[in-house]
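Summary of the model geometry
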Amino acid sequence: MTKLDSKIPNGPLAEKWTHYKAHQNLVNPANKRKVDIIVIGTGLAGGAAAASLSELGFNVSVFCIQDSPRRAHSIAAQGGINAAKNYPNDGDSVYRLFYDTIKGGDYRAREANVYRLAEVSNSIIDQCVAQGVPFAREYGGLLDNRSFGGALVSRTFYARGQTGQQLLLGAYSALSKQIGKGAVKMYTRREMLDVVKIDGRARGVIVRNLVTGKLERHAAHAVLLATGGYANVFFLSTNAMTSNGSAAWRAYKRGAFFANPSFVQIHPTCIPVHGDYQSKLTLMSESLRNDGRIWVPKKKEDAEKIQKGQLKATDIAEEDRDYYLERRYPAFGNLVPRDVASRAAKERCDAGFGVGSTGLAVYLDFKSSIARLGKNVIEARYGNLFQMYAKIMDANPYETPMMIYPAIHYAMGGIWVDYELQSTIPGLFVGGEANFSDHGANRLGASALMQGLSDGYFVLPYTMQNYLADQITVPHFKTDSAEFEAAEKEVQERINKLLAVKGDHTVDSFHRRLGLIMWDNVGMARNKAGLEKAIEELKALRKEFWQQVKVPGTNDGLNVELEKALRVADFLELGELLAYDALNRNESSGGHFREEYQTPEGEALRNDNEYMYAAAWQYKGDDQVPELHKEPLIYENIEVKQRNYKTA
Amino acid sequence: MDLKLKIWRQPSAHADGKFVDYQVHEISKDASFLEMLDILNEELVNKGEDPVAFDHDCREGICGMCSLFINGRPHGPDTAITTCQLHMRRFKDGETVTIEPWRAKPFPVIKDLMVDRSAFDEIIQAGGFVSIATGGVPDANAIPIRKQNADLAMDAAACIGCGACVAACKNASAMLFVSAKVSQFALLPQGKVEAKERVQMMVARMDELGFGNCTNTYACEAECPKEISVTNIARMNREFLVAKLS
């Protein structure tokens, strides 16, 4: 078994990052311009890293799938970003943010990475304010905070319900500044289809120009993937339509290990599924749980009448409502972490207490907050979210409770990276949601923005420089080498193969079937038999896909069906690895819930003796069993406990 | 519901385009407009025809990728939403729905309903930022900001860069888009430092790219999915004048 070297610096936890920075290798300003860096993706991690690396003087080329770097899916994050500023004087600290994140992740994240994340969190807020990000403020002119799940302090900074948008536009403005200066070369409407390795190191990429269909070769001394998560393997998720796992998957097939793929997050507050034509699910920010109370009817007959349309939410008397989160988790109440809230909703609905026409929904009710604070205050806090709900559901949440249900939202798993965010392919760095590093088995709310910007602004500019320090004498790479030639040929052959199938079923029909297999067997609750069944079904579906998929048109120009086919082909393989990882992990932890492993109260039951490790999978060839490498997780600074949100 | 669609089809940037009629049947009133187009495209692919190309991504009204001029209005017959948030309950059974791309010289058609909005990025690259590098900035609470100003800055910053303002304007003016960014920074102390240079650079770039002038019809404000106010245009004009005079 290959030993994974996580390269965690020596020394006390609180000094590791300072020590690393003090002793790392640097590149002289005059030499930086001799070094080329490719960044794939312009979300928080990619956009921030590209801008920061360019400011340092490196030659940066950036690629994004949308028509503009401002549209990456980070933009859709609503609620906020965590930082340990302790401005409210409510007892927060770097240690507490670190502790909450490790605990929230159900003790499956690396201590040193998470501590660094908590440590740089404050710099992120400073940076964003200096960029002109209009965070919410108090009348005294200082920044406002609110609470999020899994924390007992208010440490979440926000810009109405559009925090992700404002932070992304901050990173986009920094990136635009560098593009305007000619210091960054920006390529839009490009999709990365392969990593190119030369002598074992990542030295470039093959991208497809989505408008012309042309394959392009780009070379560099190092490559950064910041391509987001793979939640769309479930077809219905809160991710954007083009969010996909292909860049990560291609890196995996070139030798980067894929870690903890089964750790996906199911977000408790999404608008419920309503029809089989549905293309995606819409998230309602977790921040709503600050003022909204979650309930279902206490009596099953009331729930049944609601499902049949004979009763409305407002007909149910106060004493007949079951505020089940407040009942089960008195200390955290409606603000328990996402995995806990999601499972509790599923438990009530499975028991027959769900609402809505399908019975697969619970209420999120603002009645008591509106009575306490007034409609104006609620409107100021959540106006845009209420409007969004009203437009989709055709119901007024100021008057009747929202209906919500859990949906796939985020991937904690991703490409395995060491402390420097470098994958097992030297020179291939991975940032943001695309890596596996900081959230363990469950991510806390408002921590994705924190991690994306931490990686982009404050970690990668240091660690990539450390890698590049001995690369200054390596000349710029040419793209006519045999390695580029071979990689492009492989991509071209994959495209030709897809176009040649000429089957009878659309790409979307396969994607939908893939999503159903995943949701039914590899979703919120998993078990051995279901996972084994899913793996067989996925193999069969993959075979059928390559015999039956219908991809119209050619590769000479814009061809959206071809784009989707390339992504779904990779998702079909990724889904199998996800199920495989879930089957391997004989425990429940965070977002990974195996029905065989639960406490008598139905809480996730970890098996720390056997599974306190990150599972890093190595590709061994198509239809070969991937090899498992274990990175043991060592907790020196935190006492590992059963997560408890019932008492403080 | 059943609908007749008249959709602009144009194979590529330099090819001629035309309206093509399609029928869709039994569409749920709870489906979104883009889901209705998904259903049409699925049918077209099954028939071996080229599906309609249109831009979209987040499908929750924030990325700004979706566009579409529907029955003569950017983002269709509803207010304060993007096309992806438009639902079929806004249409009547049997209605004819006309779907066109944004039409403005600086936004050339790429294919069918997809247009190239990189001109917006170029305007931002000319000055839509605060010229600071990563690191070495003061504590976030070092400079208090009047809540009223922070709120106004946020109102302006809510722009999603979709281009509906340009599409709605008979002059294809980008004044609402540019003024939203100019205002956001002019209202904040961090942006004030280089406010004079910013407004001049951004306006110059906007003019070079071929956007038209503002003649105060306020069509932009009426169609903006994020309800960005035209008072931002007034603020930009003031900023511009001050910059020129001083």
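**Considerations on the overall build of chain B**
When you go through chain B residue by residue, the secondary structure sums to 9 helices and 7 strands. Counting across all 246 residues of chain B, residues that qualify as buried make up 53%.

**Some thoughts on the overall build of chain A**
Assigned secondary structure in chain A consists of 18 helices and 21 strands. For a compact globule of 648 residues, the expected C-alpha radius of gyration is about 26 Å, and chain A comes in at 24 Å, within 12% of that figure. Its C-alpha atoms give chain A principal-axis dimensions of about 75 × 60 × 50 Å. Relative to its 648 residues, chain A shows a buried fraction of 60%.

**Quick word on the pairing of strand β1 (residues 3–9) of chain B**
Residues and elements named next belong to chain B. Both β1 and strand β2 (residues 18–24) contribute to a ladder of 7 bridges, which runs antiparallel. Looking at β2, one finds that R9 is bridged to K18. Bridging between β1 and strand β5 (residues 96–100) involves 4 bridges; their strand directions are parallel. Bridging from a neighbouring strand, L5 pairs with V97 of β5.

**Observations concerning the domain arrangement of chain A**
Residues and elements named next belong to chain A. In terms of domain boundaries, chain A breaks down into domain 1 (36–266 + 410–471), domain 2 (268–408) and domain 3 (482–607). Distance between the C-alpha centres of domain 1 and domain 2: 31 Å. Contacts between the two partners involve 25 residues from domain 1 and, on the opposite side, 25 residues from domain 2. With 3 residues, the top contributor of residues to the side of domain 1 that touches domain 2 is strand β11 (residues 264–270). Partitioned by chemical class, the residues of the side of domain 1 that touches domain 2 number 9 nonpolar, 14 polar and 2 charged.

**Side note on the sheet that holds strand β8 (residues 215–219) of chain A**
All names here are of chain A. Pairing within the open sheet is antiparallel, and its 3 strands lie in the order β6-β7-β8. A single partner strand is all that each edge strand has here, and the edge strands are β6 (190–198) and β8. With direction set aside, neighbouring strand axes in the sheet form an average angle of 25°. In this sheet, β8 lies alongside strand β7 (residues 201–209) in antiparallel orientation, the contact comprising 5 bridges. Opposite V205, over in β8, you have H218 as the bridge partner. Contacts from helix α14 (residues 482–501) reach β6, β7 and β8, with the element oriented near 140° to β6.

**Here's the deal with the environment of K18(B)**
Secondary-structure assignment places K18(B) in strand β2. For the pair K18(B) and W8(B), spaced 10 residues apart in the sequence, the C-alpha separation amounts to 5.6 Å.

**Considering the packing of helix α3 (residues 44–56) of chain A against helix α6 (residues 163–180) of chain A**
Angle between the axes and distance between the axes: these two values describe a pair of packed helices. Residues and elements named next belong to chain A. Where α3 contacts α6, the axes come no closer than 8 Å and their chain directions differ by 30°. Between α3 and α6 lies a crossing whose hand is left-handed. Here α3 contributes L44, G47, A48, A50, A51, S54 and E55 to the contact with α6, which in turn contributes L167, L168, A171, Y172, A174, L175 and Q178. A class-by-class count of the residues in the contact of α3 with α6 yields 10 nonpolar, 3 polar and 1 charged.

**Some words on the domain arrangement of chain B**
Residues and elements named next belong to chain B. In terms of domain boundaries, chain B breaks down into domain 1 (3–111) and domain 2 (117–245). Taken over C-alpha atoms, the centre of domain 1 sits 29 Å from the centre of domain 2. On the side of domain 2, 17 residues touch domain 1, which itself brings 18 residues to the contact. When the residues that make up the side of domain 1 that touches domain 2 are grouped by side-chain class, the tally is 10 nonpolar, 5 polar and 3 charged.

**Overview of the sheet that holds strand β13 (residues 321–322) of chain A**
Whether parallel or antiparallel, the strands of a sheet pair through hydrogen bonds between backbone atoms. Residue and element names in this part refer to chain A. Spatially, the 5 strands line up as an open sheet ordered β11-β15-β14-β12-β13, and their pairing is antiparallel. The sheet is open, and its two borders are formed by β11 and β13, each paired with just one other strand. Summarising the sheet, strand β12 (residues 293–297) and β13 pair through 2 bridges and their orientation is antiparallel. From the neighbouring strand, V296 faces β13, where its bridge partner is D322.

**Describing the interface of chain B and chain A**
Interface size, as often reported, equals the accessible area lost upon joining of the parts. On the side of chain A, 66 residues touch chain B, which itself brings 66 residues to the contact. Counting only elements with at least two residues in the side of chain B that touches chain A, the list comes to α1 (33–46), β6 (109–111), α2 (118–127), α3 (147–157), α5 (175–186) and α6 (189–192) of chain B. When residues of the side of chain B that touches chain A are assigned to their parent elements, the largest contribution, 7 residues, is made by α1(B). The residue makeup of the side of chain B that touches chain A, split by class, is 31 nonpolar, 19 polar and 16 charged.

**Thoughts on helix α1 (residues 16–23) of chain A**
Residues and elements named next belong to chain A. Regarding α1, the residues found buried are K16, W17 and Y20. Here the buried residues of α1 occupy an arc of 95° about the axis, which is enough to place them on one side. Facing away from the buried side of α1 by over 90 degrees, the exposed positions are A22 and H23. Its buried side turned inward, α1 meets α5 (111–131).

**Overview of α3(A)**
Across its 13 residues, α3(A) extends 18 Å between first and last C-alpha, which sits within 8% of the 18 Å expected from 1.5 Å per residue. Positive phi appears at G57(A), one or two residues downstream of α3(A), with a value of about 120°.

**A few points about the nonpolar core**
Residues and elements named next belong to chain A. Judged by nonpolar contacts, the single largest core of 288 residues is most densely connected at I37, L224, L225 and I415. With 14 residues, helix α17 (residues 560–584) is the largest single contributor of residues to this core. Leaving out residues up to four positions away in the same chain, L225 has contacts with I40, G41, A247, A248, A251, I415, L428, V430 and A434.

**Side note on unusual backbone geometry**
For R160(A), which is not a glycine, the phi torsion comes out positive at approximately 45°. Position of R160(A) relative to the elements: it lies in the loop between β4 (156–157) and α6. Given 26 C-beta atoms within 10 Å, R160(A) falls into the buried group. Not every positive phi belongs to a glycine, and L68(B) is a case in point at roughly 80°. Along the chain, L68(B) turns up in the loop between α1 and β3 (69–70). The class for L68(B) is buried, based on 28 C-beta atoms found within 10 Å.

**Quick look at the environment of K170(B)**
Residues and elements named next belong to chain B. Relative to the helices and strands, K170 resides in the loop between α4 (164–168) and α5. By C-beta crowding, K170 is classed as exposed, having 9 other C-beta atoms within 10 Å. Distance from K170 to T215, taken between C-alpha atoms, is 9.1 Å for residues 45 residues apart in sequence.

**Quick word on the confidence of the model for chain B**
Across chain B, the average pLDDT comes to 97, with 100% of residues at 70 or higher. Both confidence scores are given for the complex: pTM 0.97, ipTM 0.98.

**Things to note about the packing of α6(A) against α2(B)**
Look at α6(A) against α2(B): their axes get within 7 Å of each other, and the N-to-C directions meet at 85°. What the angle tells us is that α6(A) and α2(B) run roughly perpendicular. In contact with S173(A), S176(A), I179(A) and G180(A) of α6(A), α2(B) contributes D121(B), I124(B), Q125(B) and A126(B). Taken together, the residues of the contact of α6(A) with α2(B) break down into 3 nonpolar, 4 polar and 1 charged.

**A word on the environment of M612(A)**
Residues and elements named next belong to chain A. Take M612: it is sitting in the loop between α18 (608–611) and β20 (613–618). Overall, M612 belongs to the partly exposed group, with 18 C-beta atoms counted inside 10 Å. Sequence separation of M612 and Y635 is 23 residues, and the distance between their C-alpha atoms is 9.8 Å. For M612, the contacting residues outside a window of four places in its chain are Y107, P632 and L633.

Scoring rules and cut-offs
Residues numbered from 1 in each chain as written. Chains lettered and ligands numbered in written order. Predicted model: local features only at pLDDT ≥ 70, side-chain atom pairs only at ≥ 80, totals over all residues. Helix = DSSP H or I, 4+ residues; strand = E, 2+ residues; numbered from the N terminus. Buried ≥ 20, exposed ≤ 12 C-beta atoms within 10 Å, placed from the backbone. Rg over C-alpha atoms; globule rule 2.2 N^0.38 Å. Pairing = 2+ DSSP bridges. Domains from an automatic or database assignment. Contact = placed C-beta atoms within 7 Å. Nonpolar A, V, L, I, M, F, W, Y, C, P; charged D, E, K, R; others polar. Axes fitted to C-alpha atoms, helices over the stretch in contact; angles between N-to-C directions. Left-handed = near helix turned anticlockwise from the far one by under 90°. Arc of directions from axis to C-beta. Expected span 1.5 Å × (residues − 1). Core = buried A, V, L, I, M, F, W, Y, C linked by C-beta atoms within 7 Å. pLDDT = per-residue confidence, 0-100. Parallel < 35°, antiparallel > 145°, perpendicular 65-115°, else oblique.

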